[in-house]
Amino acid sequence: MSTGRGIGGGIGGGIDGLGLDDDDRFPRPLPFADTDVGLAPASATPNPAKVGSASVRIEGVVKRHGATTVLHGVDLQIAPGEFFVLLGPSGSGKTTTLRILAGLEAVSAGRVMMDGTDVTTREPGARDVAMVFQSYALYPHMTVAQNIAFPLRMVGTPREQVARAVESAAARVGIGHLLERTPGQLSGGQQQRVALARAIVRQPRLFLLDEPLSNLDAKLRLETRLELRRLQRSLGVTTVYVTHDQEEAMTLADRIAVFMDGRIVQVGTPRQIFARPLSVDVAAFIGTPPMNLLAGAWEGHAVTVGGSTVAVAAETRTVRDVVVGIRPHDLRLADGGLRARVEGVEELGDSAIVDLVVDERLVKLKTDRPPVLREGEPVFVAFAPEDAHLFDAESGARIA
Amino acid sequence: MTTSAAPPRAARAIALYAIAGAGLAVWTFPVVWGLLTSFKTERDVLAYPPVWIFTPTLANYRDVLFGSASIVPNLFSSLVVATLATALTLVFAIPAAYAMARLRFPAKKTTGFYVLATQMLPPVGLIIPYYLVLQKIGGLDTYGGLVVIYLTFSLPFAIWLLVSYFEDVPVEMEEAALLDRAGRVRALWYVILPQVKGGIAVTTIFVFLNAWNEFMFAVVLGGNRVRPVTVAMFNFISVEQTQWARLAAGAMLAMAPVILLGLFAQRHIVKGLTVGAVKGGGRRA
């Protein structure tokens, strides 16, 4: 699976790590760019000047729907040109946050700032943001060309200029040949491109994308994902992207904000979030398969899980109840360590996942070299001391 | 397909055609009878047994169009009343339906109920109050008076019909238009209305037909100046005699615009009915 390795690499970490270097913004053209679903090569259209790409700041935003609170004070800071992903399970408040940025939802408390200006009460049309909806929201009675032209026509852009901009935007997303069709005559992938073209045609200072890939089939989703990334890099426009798919978040994002129950629980680069989840919930949400979590007792340099004691890097002076987290690919079969029983082996072709039971909990081990194991066979699993993630048993917060 | 499946299918088709044919016959018989009558002389009309072979005459049409009892002014009256009622209904119903479908405002549910409740009142119970009110304000026998009265019936019906069409348009589409800097009015005009035009067509037709066919209010609240064609038909029925042939010719003329409109808008009506928006809404149609 993708871990986002290398993608967030050159970007300064932390919430205030806003520096992007140019290498990260303009990666080399991707090899699949000219496949059948591919975009026009980057050289076909010149890069527009990246003028007015917005910085975004959300301060203490609360959203209530009647008695229920959807967002409990969300704070965020997004740098100009950044590809920022809001990740979380459904109902976690990520889409609400996006809609608040768009101006489609009013906040119950808090402020939304763009480029230092308070836009909290500004109408959607006055924010200079473009949005791609999950359903694409194309205008069914207009042709593709009219759809893309709509945001320009609404501000009275001269006809010739509109035509040029429409053509250029359509070419950028590889739908130049579909301009005279209506949305009903297009495939899902093509509709998605029209929605993208409609968003980029006006060169907004902020892009909002609400699960734009969720209605595509798996193969197309994978291809479009990388094209999206490339498109965003070449346009250099600040982008906020909502998804519940952690793999999508990992591959696309400069930084990710993980949402849980209406709160942001962690912000960081994909690498940081994968390597150092700040809570049990984030640990369980990120990674395919997700992190194994076992209850144990931590004492000195070791934890005891189900009667077996294994070494960890961190040290404690008292005995503490903890949750030990180990990534499936950090676990290995060994001669000693945690006692386990084999439940089965899932072959994935280039790798395999071994299902094990440790301390009456299902644990997954990912390995490149599929072992020969019988169901019910007793084995030992081990991990390097520095690969153990320790979380407080009660609060779920990361300890080490 | 297999041959064994063919006979039941053929039988089904025959049964369907038979039922449809019977329905059509029931519907067309009076129309055909009226059409034939309109070309007969009064003598042929009263002949018993009825004559099917006769020398057609255009005299009845000449009489009802250009004779002393011409219904042309009445057709004009009907046209004015129905067109005005329809246009005004749409002018008010479209924004109202949009608001009911989309906006949040106080007492929205209650408002929706009252809109529907006006449809539950029997018209005959209102006719005397209406008469008295119009008499007070000098609205009897005026186009304005009759049109306003028609509005009280057609407006709730039209709003109720249109709301479901507006609700069918995805909210995101409007939100996209708002983000595309259209503003609410232009979003309505450029994005929403084109998508509910089928509903608007259906509403237009129903409202127009209701107004065109209306008789009771027209006969009581109209008069010598404003006398729609439905009322004028009664000129051909008097105590001494009923002029069946002229009545039939007049009826044919009165029906013509309605039938033309129906044919013209058939596609929309069928679509509108299948949207499920009408659910027995053709009550007064």
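Residues numbered from 1 in each chain as written. Chains lettered and ligands numbered in written order. Predicted model: local features only at pLDDT ≥ 70, side-chain atom pairs only at ≥ 80, totals over all residues.

1. Some points on the interface of chain B and chain A
Reports often express the size of an interface as the amount of accessible area lost when the parts come together.
Thought 1: The interface of chain B with chain A comprises 15 residues on the first partner and 17 residues on the second.
Thought 2: Among the secondary structure elements, those contributing two or more residues to the side of chain B that touches chain A are helix H8 (171–179) and helix H9 (183–192) of chain B.
Thought 3: Sort the elements by how many residues they give to the side of chain B that touches chain A and H8(B) lands first, with 6 residues.
Thought 4: When the residues that make up the side of chain B that touches chain A are grouped by side-chain class, the tally is 8 nonpolar, 2 polar and 5 charged. (Contact = placed C-beta atoms within 7 Å. Helix = DSSP H or I, 4+ residues; strand = E, 2+ residues; numbered from the N terminus. Nonpolar A, V, L, I, M, F, W, Y, C, P; charged D, E, K, R; others polar.)

2. Topic: the sheet that holds strand E1 (residues 56–65) of chain A
Thought 1: Taken in spatial order, the 4 strands of this open sheet run E2-E1-E4-E5 (chain A), and their pairing is antiparallel. Each edge of the open sheet is held by one strand with a lone partner, namely strand E2 (68–78) and strand E5 (117–118) of chain A. (Pairing = 2+ DSSP bridges.)

3. Quick look at unusual backbone geometry
Peptide bonds are, in most cases, trans, and in most cases residues other than glycine have a negative phi.
Thought 1: Residues Thr288(A) and Pro289(A) are joined by a peptide bond in cis, for which omega reads -15°.
Thought 2: Residue position: Pro289(A) is located in the loop between helix H9 (280–285) and strand E11 (292–305).
Thought 3: In this chain, Tyr48(B) is followed by Pro49(B) through a cis amide linkage whose omega measures -5°.
Thought 4: Structurally, the position occupied by Pro49(B) is in the loop between helix H2 (42–46) and helix H3 (59–66).

4. Describing the domain arrangement of chain A
Residue and element names in this part refer to chain A.
Thought 1: Partitioning chain A into domains gives domain 1 (22–128 + 204–285) and domain 2 (292–392).
Thought 2: At the junction of the two partners, domain 1 supplies 5 residues and domain 2 supplies 5 residues.
Thought 3: Among the residues forming the side of domain 1 that touches domain 2, the class breakdown is 4 nonpolar, 1 polar and no charged. (Domains from an automatic or database assignment.)

5. Concerning the packing of H3(B) against helix H13 (residues 244–264) of chain B
Residue and element names in this part refer to chain B.
Thought 1: One way to put it is that H3 packs onto H13 with a least axis distance of 9 Å and a crossing angle of 70°. Of the possible angle classes, the one that applies to H3 and H13 is roughly perpendicular. Crossing angle aside, the handedness with which H3 passes H13 is right-handed. Residue-level contacts link Asn60, Tyr61, Asp63 and Val64 of H3 to Ala245, Arg246, Ala249, Gly250 and Leu253 of H13. (Axes fitted to C-alpha atoms, helices over the stretch in contact; angles between N-to-C directions. Parallel < 35°, antiparallel > 145°, perpendicular 65-115°, else oblique. Left-handed = near helix turned anticlockwise from the far one by under 90°.)

6. Re the sheet that holds strand E18 (residues 389–392) of chain A
Residues and elements named next belong to chain A.
Thought 1: Reading across from one edge, E11-E12-E18 is the order of the 3 strands in this open sheet, with antiparallel pairing throughout. Every interior strand has two partners, whereas the edge strands, E11 and E18, have only one. Sheet twist, expressed as the mean angle between neighbouring strand axes with direction ignored, is 50°.
Thought 2: For E11 and strand E12 (residues 308–326), the ladder comprises 12 bridges, and the chain directions are antiparallel. Counted as the bridge partner of Val303 is Val310 from E12.

7. Focus: the packing of H8(B) against H9(B)
The geometry of a pair of packed helices is captured by two quantities: the angle between their axes and the separation between those axes.
All names here are of chain B.
Thought 1: Between H8 and H9, whose axes approach to 9 Å, the crossing angle comes to 125°. Accordingly, the angle class assigned to the pair H8 and H9 is oblique. Crossing hand, H8 versus H9: right-handed. In contact with Met173, Glu174, Ala177 and Leu178 of H8, H9 contributes Ala187, Tyr190, Val191 and Ile192.

8. Details of the confidence of the model for chain A
Thought 1: Per-residue confidence for chain A gives a mean pLDDT of 85, with 87% of residues at or over 70.
Thought 2: Below pLDDT 50 for its whole length, residues 1–49 of chain A participates in 81 contacts with residues either more than four positions away or in separate chains. (pLDDT = per-residue confidence, 0-100.)

9. Some words on the confidence of the model for chain B
Residues and elements named next belong to chain B.
Thought 1: Looking at chain B as a whole, the pLDDT averages 86, with 92% of positions reaching at least 70.
Thought 2: Ranking the helices and strands of chain B by mean pLDDT puts helix H4 (residues 72–102) first, with 94, and helix H14 (residues 266–274) last, with 66.
Thought 3: Long-range and interchain partners of residues 276–285, a stretch whose pLDDT sits below 50, account for 18 contacts in this model, where long-range means more than four residues apart.
Thought 4: This complex was scored by the predictor with a pTM of 0.77 and an ipTM of 0.78.

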